[in-house]
Amino acid sequence: MADDVVVKRPNEIQTYDYDFTPKLPLDAALSASTVAAVDEEGNSAAVLGTKSVSGLILSVPLQGGTDQKDYTVTMQATGTTSADVREWVVELRVRRNLQGVV
Amino acid sequence: MLLGEAKDVVREHFGRLGLNTTILTLGLTEGRKLIEREGNFWWMKGTYDASAVINQQDYSIQSGGDFDIDNFKDARALLWKKASDVNWQPVELGIVDHDELDQMYDEDDQGNPEFALIDNTTLKLYPPLPDFAYDLRLYFYQWTDNPTANTDTDDLLKNYGMALCYGAIIWGFEMQLKDLQGASYWRNLLGGTPFGHGGEIAKLKRENFKRDWKDRVMLTPHLGAGRLTRRSITNLNIYCR
């Protein structure tokens, strides 16, 4: 189940930031991080740009995608001090015509 | 309608964040079940070829069984032939009760399949002991699944997409919102009152009947030249005087 939902149009590039402070309260930095995206059938999807890390904030550009498809983006981070591995999951809905507030 | 569009239609009734996707997918699955419980529809049809085993009466119908069928719902017909033959012969399927067939045939009766019945997930052939490894062809209906990709479609979604949306919304109103009065509004749109006699389900049943009319029913003049052309499946003939 996703922790957050992002709706974007296919041509948009939208940088998504997640601050792992609540999930890694004992840490000040990340020792490792990964970001992966799959479509509804579990196939790897090319909807991510190059990730970056600043302290406990993991950022990734969400880009491309096919209209009307939903993608699951999993952001995983490891705390430097605690060595805890935590995840934040984003459901990315790519819609060209669906408008208005979510 | 694409699956993604159906999802969006349902989401709009619960807030786009109000129904998480896992639950929404479950709702669409239950919506399809709600429709398919009302009848055996054309998109549920299938056939499966298997072989009888000499002296074996029972054949399982399930995933990995003798008839390897997922989500079997109902049987339409059963045919048999010898492997070397080119024409299929009908088996009377499900028209005589189990106990009556047990009385009609001895336990050691052999021969080609004449009658068959389905007991839970087991197909039983009569006479009980096939004397040859006959080819069997089962025509059946099965419960179907929604497409897995958001951009996919199938016949129900493509032509009667709102029926699936109504089904999912009913489930959502009952399970998520616990709003039975709201659910009854959508239930009426899906199936009318009494349920199954109106709405989208009535449209599906009319289309189903039209298709079956072409496939299965033959109007046969009771007298005259047409008599010689009537089909051997006697219970399907409608005689015109």
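Owing to the predicted nature of the structure, the values given are computational and were not obtained by experimental measurement. (Residues numbered from 1 in each chain as written. Chains lettered and ligands numbered in written order. Predicted model: local features only at pLDDT ≥ 70, side-chain atom pairs only at ≥ 80, totals over all residues.)

Looking only at helices and strands, one finds zero helices and seven strands in chain A. Listed N to C, the secondary structure of chain A is β-β-β-β-β-β-β in terms of helices and strands. Its C-alpha atoms give chain A a radius of gyration of 14 Å, near enough to 13 Å, the size a compact globule of 102 residues would have. On the principal axes, the C-alpha backbone points of chain A span a range of 45 × 30 × 25 Å. Counting across all 102 residues of chain A, residues that qualify as buried make up 30%. In chain A, of all internal contacts separated by at least 6 residues, the share reaching a separation of at least 24 is 69%. (Helix = DSSP H or I, 4+ residues; strand = E, 2+ residues; numbered from the N terminus. Rg over C-alpha atoms; globule rule 2.2 N^0.38 Å. Buried ≥ 20, exposed ≤ 12 C-beta atoms within 10 Å, placed from the backbone. Contact = placed C-beta atoms within 7 Å.)

With that out of the way, let us pick up the overall build of chain B. Along chain B, the regular secondary structure elements total six helices and 11 strands. When burial is assessed residue by residue, chain B has 28% of its 241 residues classed as buried. For chain B, long-range pairs separated by at least 24 residues make up 58% of all intrachain contacts whose partners lie at least 6 apart in sequence.

This part takes up the sheet that holds strand β6 (residues 70-79) of chain A. Residues and elements named next belong to chain A. Reading across from one edge, β1-β7-β6-β3 is the order of the four strands in this open sheet, with mixed pairing throughout. The sheet terminates laterally at β1 (4-8) and β3 (30-38), the two strands that pair on one side only. Going across the sheet, the axis of each strand differs from the next one's by a mean of 20 degrees, ignoring polarity. As defined by bridge partners, β3 adjoins β6 across eight bridges and the pair is classed as antiparallel. Note on β6: the bridge partner recorded for T34 is Q76. (Pairing = 2+ DSSP bridges. Axes fitted to C-alpha atoms, helices over the stretch in contact; angles between N-to-C directions.)

Once that is clear, we can look at the interface of chain B and chain A. Every contact between the two is made by 13 residues of chain B and, on the other side, 12 residues of chain A. Those elements that place two or more of their residues in the side of chain B that touches chain A are α1 (3-11) and α2 (21-36) of chain B. Ranked by residues supplied to the side of chain B that touches chain A, first place goes to α1 of chain B with three residues. When its residues are assigned to classes, the side of chain B that touches chain A shows three nonpolar, seven polar and three charged. (Nonpolar A, V, L, I, M, F, W, Y, C, P; charged D, E, K, R; others polar.)

Let us look at the nonpolar core. In terms of nonpolar packing, the biggest core is built from 47 residues, with A116, A163, L164, I169 and I170 of chain B touching the most fellow members. Looking at which element gives the most residues to this core, the answer is helix α4 (residues 155-175) of chain B, with 12 residues. Mapping this core onto the domain boundaries places at least three of its residues in each of domain 1 (3-41 + 145-215) and domain 2 (43-142) of chain B. Filtering out sequence-adjacent residues up to four positions away, L164 of chain B remains in contact with A6, L28, G31, R32, L156 and L157 of chain B. Residues Y16, F20, V47 and V94 of chain A belong to the second largest nonpolar core, which totals 22 residues. (Core = buried A, V, L, I, M, F, W, Y, C linked by C-beta atoms within 7 Å. Domains from an automatic or database assignment.)

As a further point, take the environment of G65 of chain B. All names here are of chain B. Among the secondary structure elements, G65 is positioned in the loop between β2 (58-60) and β3 (72-81). For G65, a count of 15 C-beta atoms within 10 Å translates into the label partly exposed. Sequence separation of G65 and G191 is 126 residues, and the distance between their C-alpha atoms is 35 Å.

Take the sheet that holds strand β4 (residues 89-93) of chain B next. Residues and elements named next belong to chain B. Spatially, the seven strands line up as an open sheet ordered β1-β9-β3-β4-β6-β7-β2, and their pairing is mixed. Every interior strand has two partners, whereas the edge strands, β1 (45-51) and β2, have only one. In this sheet, adjacent strand axes meet at a mean angle of 30 degrees when their direction is disregarded. In this structure, β3 lies alongside β4, joined through three bridges in antiparallel fashion. Each bridged residue has a counterpart across the sheet, and for L78 the counterpart in β4 is V91.

Moving on, we get to the pairing of strand β7 (residues 85-94) of chain A. Residue and element names in this part refer to chain A. Where β1 lies against β7, five bridges are found, and the strand directions are parallel. Looking across to β7, one finds that V5 is bridged to E91. The turn joining β6 and β7, which pair antiparallel and follow one another in sequence, is formed by five residues; a positive phi near 65 degrees is taken by A83.

Moving on, we come to the domain arrangement of chain B. Residue and element names in this part refer to chain B. On domain assignment, one finds that chain B holds domain 1 (3-41 + 145-215) and domain 2 (43-142). Here domain 1 and domain 2 have C-alpha centroids that lie 34 Å from each other. Counting from both sides, the interface comprises six residues of domain 1 and, opposite them, five residues of domain 2. Looking at the side of domain 1 that touches domain 2 residue by residue, the classes come out as two nonpolar, one polar and three charged.

Along α1 of chain B, seven of the nine residues are buried, which leaves the element largely enclosed by surrounding structure. On the buried face of α1 of chain B, the contacting elements are α2 and α4 of chain B.

Residues and elements named next belong to chain B. Viewed as axis vectors pointing N to C, α1 and α2 meet at an angle of 105 degrees, and their least axial separation amounts to 11 Å. One way to sum up the angle between α1 and α2 is to call them roughly perpendicular. On α2, the residues that touch A6, K7, V10 and R11 of α1 are L24, G27 and L28. Grouping the constituent residues of the contact of α1 with α2 by class yields four nonpolar, one polar and two charged. (Parallel < 35°, antiparallel > 145°, perpendicular 65-115°, else oblique.)

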